[in-house]
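Working through the structure, step by step
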2 protein chains.
Amino acid sequence: MIKPPTRIQQRNRAAILSAGLDVFSQFGFRGATLDLIADAAGLSKPNLLYYFPSKESIHTALLEQLLDTWLDPLKALDGTGDPIKEIMAYAQRKLAMSRDYPRESRLWANEILQGAPRIEDILKDDLKALVDEKAQIIKAWADDGKIADIDPHHLIFSIWAFTQHYADFDVQVRAVLGNKDPYDGASVFLDTLYAKLLQP
Amino acid sequence: MIKPPTRIQQRNRAAILSAGLDVFSQFGFRGATLDLIADAAGLSKPNLLYYFPSKESIHTALLEQLLDTWLDPLKALDGTGDPIKEIMAYAQRKLAMSRDYPRESRLWANEILQGAPRIEDILKDDLKALVDEKAQIIKAWADDGKIADIDPHHLIFSIWAFTQHYADFDVQVRAVLGNKDPYDGASVFLDTLYAKLLQP
DNA sequence: CTTGCATTTGACCAACTGGTCAAAACAACG
DNA sequence: CGTTGTTTTGACCAGTTGGTCAAATGCAAG
């Protein structure tokens, strides 16, 4: 029989996951240490291992939790909506994710940079399937002359690249802009960019 | 008096730097180990430390070597040339860098992801100065009505983001495209994107 | 207060880490 | 060949790493 988690369990598991997100997203899997995570979570190392059996298991839990959040904005792209509005709304949702979940974006980036050893299958199955499905919708719009005739896959890549850049390269963006908040400017630029690109 | 490096020194230093590039770009500074680098270079660990005094020194050497290569394409943007051609040529140079030097791109990405502790000053000084200078050129073009009126800084970010995406997220891009070469499609897309965006 | 379970901890371990060192092997040159 | 400087190596070290364990503490219900 399964027992419901106590308040302490909920609090500590959440603290560990948040600490793990901090550490893994900054140092990658190999560069992260249990000591760093335990310190950030305010627990002793053996105590941390009472809640998660291994370093790997914390990382896996984070990645699983991330996956849904990460794919949601694209899933919401609606083939029956107004083409240009749909794509631009998707791009804005993605940009908002970078602003609101920068650690998650960097965790993902780290994982891919390291060759995605732990999620390669997911990329090749789930992600590819989802992207292919949405790419077909976009292609249909292009064929109907409702948007400009561009390669749907590279369109999606360009949205990922541009929006995630503000989370993953945050330090660099802020260094160049002199610490001004980048997101207002980015949002305006994003609108201009895709409005012009998609115009049939 | 300075002695010229022997053939062996040249060969081994080059092998170490190449191995270091492999390992640092995949695992980040903390995740990289001297054993991994030594193995990849085909040397024993003490032998490796005969050529570089520390792990840090290998990393520093790589970063210094990278900096010039990395900023060159932007430096070559010429204020006296044809505006749209200049910007599009810059974007294509950047894309070619991702294709030809993916490890360097990932080394840079790793460094920024980790908060750029070792190059923050360079970003705030040299990089910011260079970008500001080129941004002013672009702004002048926009003011003269030679290109569309867009934010020059975010234009540059969009070029960085899109082109580097193909090196840094290589595994993901190939997983989604089913292992087709992405660069031809990316190059075409890049041309379309900026041609439409910059049109006054 | 006591019993039983959940939680926390200090001490510990083997493997790995960055780095040192003296001695050995090698290369070049007269 | 011998000598001299360069290159390579095995053995080693102290600190860190992921992880274990038995014992101690906290806590809630009867």
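That block above? That's the structure.
Described below are features of the structure shown in this document.

Cut-offs applied
- Residues numbered from 1 in each chain as written.
- Chains lettered and ligands numbered in written order.
- Predicted model: local features only at pLDDT ≥ 70, side-chain atom pairs only at ≥ 80, totals over all residues.
- Heavy atoms only, no water.
- Core = buried A, V, L, I, M, F, W, Y, C linked by side-chain atoms within 4.5 Å.
- Buried < 20%, exposed > 50% of the residue type's maximum accessible area, 1.4 Å probe, protein only.
- Helix = DSSP H or I, 4+ residues; strand = E, 2+ residues; numbered from the N terminus.
- Contact = heavy atoms within 4.5 Å.
- Near = heavy atom within 4 Å.
- Polar contact = N/O pair within 3.5 Å; in protein donor to acceptor, adjacent residues only side chain to side chain.
- Nonpolar A, V, L, I, M, F, W, Y, C, P; charged D, E, K, R; others polar.
- Least-squares fit on C-alpha atoms with pLDDT ≥ 70 in both.
- Expected span 1.5 Å × (residues − 1).
- Arc of directions from axis to C-beta.

1. Topic: the nonpolar core
- Formed by 143 residues in total, the largest nonpolar core has its most connected members in A:L155, A:Y194, B:L155 and B:Y194.
- It is helix 4 (residues 55-75) of chain A that provides the largest number of residues to this core, a total of 9 residues.
- When neighbours within four sequence positions are excluded, B:Y194 is seen to be in contact with B:M88, B:A91, B:L155, B:S158 and B:I159.

2. A short note on the protein's contact with DNA strand C
- The local shell around DNA strand C holds 20 residues, among which A:T6, A:Q9, A:Y51, B:L34 and B:K55 are the closest.
- Backbone atoms, meaning sugar and phosphate, form 61% of the atoms of DNA strand C found within 4 Å of the protein.
- Between A:N12 and DNA strand C, the recorded distance is 3.0 Å, taken from a side-chain N or O atom to a phosphate oxygen.
- Contact between DNA strand C and B:L34: a phosphate oxygen at 2.8 Å from a main-chain N or O atom of the residue.
- Taken together, the elements giving at least two residues each to the surface near DNA strand C come down to helix 1 (7-31) and helix 3 (45-51) of chain A together with helix 2 (34-41) and helix 3 (45-51) of chain B.
- Considered class by class, the residues forming the surface near DNA strand C number 8 nonpolar, 7 polar and 5 charged.

3. Brief notes about the relation of the copies chain A and chain B
- For these two chains of identical sequence, chain A goes onto chain B by a turn of 180° and a shift of 0.0 Å along the axis, with RMSD 0.1 Å. In short, the pair behaves as if placed about a two-fold rotation axis. Relative to the rotation axis, the closest C-alpha in chain A is found at A:G31, a distance of 2.0 Å.
- Most of the interface of chain A is mirrored in chain B: 100% of its interface residues are interface residues there too.

4. Describing helix 10 (residues 183-198) of chain A
Residue and element names in this part refer to chain A.
- Counted at 1.5 Å a residue, the expected span for helix 10 with its 16 residues is 22 Å, and the 22 Å between its end C-alpha atoms agrees.
- Among the residues making up helix 10, those that are buried are Y183, A186, F189, L190, L193, Y194, L197 and L198. Mapping the buried residues of helix 10 onto a view down its axis gives an arc of 135°, with all of them on the same face. Set apart from the buried face of helix 10 by more than 90 degrees, the exposed residues are D184 and V188.

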